[in-house]
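Observations on the three-dimensional arrangement
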Amino acid sequence: MTNTLTMLALFAYASTCLRLLCYRRGLANHRLHVSVVAWLLIVATGTSALEILLDHGRASVGEAGIALTLCYLVHRAQGNVANIIRNMQ
C-alpha cells in the first residue's frame, strides 16, 4: 500500500511540476504575486518528487491525496496559477 501511495504521489508531483514549467502565458498579463506562487509550487513539487525518487521520502494517504488534488487543479487550469487562485476566491 505504501509503495502504491508513494508512486501516486511521485507521479502527481512530477506531473504538476512539469505542467507548471511548460506553461506559456501568451497575451495574459504578468502579475508578480502569481509568478511567485507559481515558482514556489514548482520548487515544492519538484523537491518532493526528487525526495521520493532518491528514496528519502514515503507518502502517506494524506500526502498522496494532497498531491493528487494539486495535480488535478493545475492540469484543469492548464498550468495557469492565476486561474487556480481566482477560482478559490
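Residues numbered from 1 in each chain as written. Predicted model: local features only at pLDDT ≥ 70, side-chain atom pairs only at ≥ 80, totals over all residues. Heavy atoms only, no water.

1. Quick word on the nonpolar core
Grouped together as the largest cluster of nonpolar side chains are 11 residues: L5, A9, L10, A12, Y13, A49, I52, A59, A64, A67 and C71. When contributions to this core are tallied by element, the ones reaching two or more residues are helix 1 (2-21), helix 2 (32-53) and helix 3 (61-76). Sorting elements by how many residues they give to this core places helix 1 first, with five residues. If we ignore the near neighbours within four places in the chain, the residues touching L5 are A59, S60, V61 and A64. (Core = buried A, V, L, I, M, F, W, Y, C linked by side-chain atoms within 4.5 Å. Buried < 20%, exposed > 50% of the residue type's maximum accessible area, 1.4 Å probe, protein only. Helix = DSSP H or I, 4+ residues; strand = E, 2+ residues; numbered from the N terminus. Contact = heavy atoms within 4.5 Å.)

2. Comments concerning the pattern of salt bridges
In total, this model carries one salt bridge according to the counting rule given. One salt bridge connects R58 with D55, and the closest N-O pair in it is separated by 3.3 Å. Each member of the pair, R58 as well as D55, carries the same accessibility label: exposed. (Salt bridge = Lys/Arg side-chain N within 4 Å of Asp/Glu carboxyl O.)

3. Remarks on the environment of T47
Residue placement: T47 occurs in helix 2. When the C-alpha atoms of T47 and N83 are compared, they prove to be 24 Å apart, with 36 residues separating the residues in sequence.

4. Details of helix 1
With 20 residues, helix 1 should reach 28 Å at 1.5 Å per residue; the first-to-last C-alpha distance of 28 Å fits that figure. What helix 1 keeps buried is the set L5, T6, A9, L10, A12, Y13, S15, T16, C17 and L20. (Expected span 1.5 Å × (residues − 1).)

5. Overview of the environment of N3
The residue N3 is located in helix 1 in this model. Separated by 27 residues in the primary sequence, N3 and H30 have C-alpha atoms spaced 40 Å apart.

6. Description of the packing of helix 1 against helix 3
Where helix 1 contacts helix 3, the axes come no closer than 8 Å and their chain directions differ by 30°. Comparing the axis directions of helix 1 and helix 3 gives the class roughly parallel. In this structure, helix 1 crosses over helix 3, and the sense of that crossing is left-handed. Residues L5, L8, A9, A12, Y13, S15, T16, R19 and L20 of helix 1 form the contact with helix 3, whose own contacting residues are V61, E63, A64, A67, L68, L70, C71, V74 and H75. (Axes fitted to C-alpha atoms, helices over the stretch in contact; angles between N-to-C directions. Parallel < 35°, antiparallel > 145°, perpendicular 65-115°, else oblique. Left-handed = near helix turned anticlockwise from the far one by under 90°.)

7. Thoughts on a nonpolar patch on the surface
A cluster of nonpolar side chains, contributed by L32, V36, W39, L40 and V43, occupies part of the molecular surface with about 500 Å² of accessible area. Among the secondary structure elements, L40 is positioned in helix 2. Overall, L40 belongs to the partly exposed group, its relative accessible area being 47%. (Patch = residues over 30% accessible without salt bridge, like charges linked within 9 Å, V, L, I, M, F, W, Y side chains within 5 Å. Areas by Shrake-Rupley, 256 points an atom, 1.4 Å probe, with all protein chains shown as cover.)

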